[in-house]
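Read off the chains here:
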Amino acid sequence: MDSRHFVEKTSWLRPYTRWATRVSLNSPQWLPSALRNAPLKLSSLILRSYHRALR
């Protein structure tokens, strides 16, 4: 599968990934990194699972 096809197939996740990035970058530094990055980790998990399913 080429990368352009994967990007088109996962465009539905792009708004969530943008939101998760903003939350992670704008969260207070005193929060544990696991909590700050949880939305991004979820996005990564979804993308990895989706990529495996498309193969």
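Residues numbered from 1 in each chain as written. Predicted model: local features only at pLDDT ≥ 70, side-chain atom pairs only at ≥ 80, totals over all residues. Heavy atoms only, no water.

(A) Here's a closer look at the overall build of the chain. A count of helices and strands for the chain gives four helices and zero strands. Order of helices (α) and strands (β) in the chain, N terminus to C terminus: α-α-α-α. In terms of overall size, the chain is more extended than a compact globule, its C-alpha atoms giving a radius of gyration of 13 Å where 55 residues would be expected to give roughly 10 Å. Along the first, second and third principal axes, the C-alpha set of the chain runs to 40 × 15 × 15 Å. Put simply, the chain has 55 residues, and 18% of those count as buried. A separation threshold of at least 6 residues defines the contact pool for the chain, and within that pool the share at least 24 residues apart is 56%. Accessible surface for the chain amounts to roughly 4,400 Å². Of this, 61% is attributable to carbon and sulfur atoms. (Helix = DSSP H or I, 4+ residues; strand = E, 2+ residues; numbered from the N terminus. Rg over C-alpha atoms; globule rule 2.2 N^0.38 Å. Buried < 20%, exposed > 50% of the residue type's maximum accessible area, 1.4 Å probe, protein only. Contact = heavy atoms within 4.5 Å. Areas by Shrake-Rupley, 256 points an atom, 1.4 Å probe, with all protein chains shown as cover.)

(B) How the structure looks around the packing of helix α2 (residues 14-26) against helix α4 (residues 38-54). Following both chains from N to C, one finds α2 and α4 inclined at 150°, their axes separated by 8 Å at the closest point. The pairing of α2 with α4 is recorded here as roughly antiparallel in orientation. Crossing handedness for the pair α2 and α4: left-handed. For the pair α2 and α4, contact is made by Y16, T17, W19, A20, T21, V23 and S24 and by P39, L40, L42 and S43, respectively. Residue composition of the contact of α2 with α4, grouped by class: seven nonpolar, four polar and no charged. (Axes fitted to C-alpha atoms, helices over the stretch in contact; angles between N-to-C directions. Parallel < 35°, antiparallel > 145°, perpendicular 65-115°, else oblique. Left-handed = near helix turned anticlockwise from the far one by under 90°. Nonpolar A, V, L, I, M, F, W, Y, C, P; charged D, E, K, R; others polar.)

(C) Quick look at the pattern of salt bridges. According to the stated counting rule, one finds one salt bridge in the structure shown. Between R4 and E8 there is a salt bridge, with its nearest N and O atoms 3.4 Å apart. Linking R4 with E8, this pair stays in helix α1 (residues 3-9), spanning four residues, or about one helical turn. (Salt bridge = Lys/Arg side-chain N within 4 Å of Asp/Glu carboxyl O.)

What is shown is where atoms sit, not what they do.
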